[in-house]
Amino acid sequence: MSKTTSTKKELPSKQRDELLRALQARFEKHMHRHKGLEWAKVESRLAANPDKLWSLHEMERTGGEPDVVGHDKKTGEYIFYDCSVETPKGRTSVCYDREGLESRKEHRPDNTAVDMATAMGIELLTEEQYLELQKLGEIDMKTSSWVKTPADIRKLGGALYCDRRYGRVFTGHNGAQSYYAARAFWGSLKV
């Protein structure tokens, strides 16, 4: 019987160091997103969770520009959201989920928002989280983003997306099989 390889995902030290420098620079540049939090404590938590660092690297690699947006005092976890100005470019042209993708008869995209998030080890933002993120800075002014869709809507074939237009945040709907070059998804990660 062959020995199986570990499924634990860790970054090589050079990539880890580059990512930590980028995260720290973003953290320090945008203190309004995480008032009262200290980078040293965040970094310590990241060092203890290398698999989460891998997920943050995936968020960064796909254009999400992850940053700390909160701290759960009960669990000690830091909450990261994608914080790029527009929906992450490395995640566009995706259906909402696998069921939506499979329902397309032709012109299928390569992936889905739910599958990508799962592979990256992150969660899609909920509509409520998306609204929280919009309070930290205006985003999605030229793009739109899938958000986690409630089961009752998804059961009927729909999926939700959000964007900002005309100085307001909107929630809309499409069939889950839809995809657009200017629509991706925002993710969250607890570390």
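Definitions and cut-offs
- Residues numbered from 1 in each chain as written.
- Predicted model: local features only at pLDDT ≥ 70, side-chain atom pairs only at ≥ 80, totals over all residues.
- Heavy atoms only, no water.
- Pairing = 2+ DSSP bridges.
- Helix = DSSP H or I, 4+ residues; strand = E, 2+ residues; numbered from the N terminus.
- Axes fitted to C-alpha atoms, helices over the stretch in contact; angles between N-to-C directions.
- Contact = heavy atoms within 4.5 Å.
- Polar contact = N/O pair within 3.5 Å; in protein donor to acceptor, adjacent residues only side chain to side chain.

**Quick notes on the sheet that holds strand 6 (residues 168-175)**
Here comes step 1: Taken together, the four strands give an open sheet; going across it, the order is 6-5-4-7, and neighbouring strands pair in mixed fashion. The sheet is open, and its two edges are formed by strand 6 and strand 7 (183-185), each paired on a single side. Averaged over all adjacent pairs, the angle separating strand axes in this sheet is 35°, with direction ignored.
Here comes step 2: Pairing of strand 4 (residues 144-146) with strand 5 (residues 158-165), which is carried by two bridges, proceeds in the antiparallel orientation. Following the sheet pairing, Ser-145 is matched in strand 5 by Cys-162.
Here comes step 3: Its contacts with the sheet place helix 6 (residues 127-136) against strand 4, strand 5 and strand 6, and it is angled at close to 10° to strand 5.

**Things to note about the side chain of Asn-174**
Here comes step 1: Mapped onto the elements of the fold, Asn-174 is located in strand 6.
Here comes step 2: At 3.4 Å, the side chain of Asn-174 and the side chain of Tyr-180 are in polar contact.
Here comes step 3: Discounting residues that sit within four places of it in the chain, Asn-174 has contacts with Trp-146, Gly-157, Gly-158, Ala-159, Tyr-161, Tyr-180 and Arg-183.

**Section: the sheet that holds strand 2 (residues 78-82)**
Here comes step 1: Sheet architecture is open: four strands sit in the order 1-2-8-3, paired in antiparallel fashion. Both outer strands of the open sheet, strand 1 (66-71) and strand 3 (123-124), are each paired with one neighbouring strand and no more.
Here comes step 2: Bridging between strand 1 and strand 2 involves five bridges; their strand directions are antiparallel. For Gly-70, the partnering residue across the bridge sits in strand 2 and is Ile-79.
Here comes step 3: Docked against the sheet, helix 6 engages strand 1, strand 2, strand 3 and strand 8 (187-190), running at close to 80° with respect to strand 2.

Read these as geometric descriptors, not functional statements.
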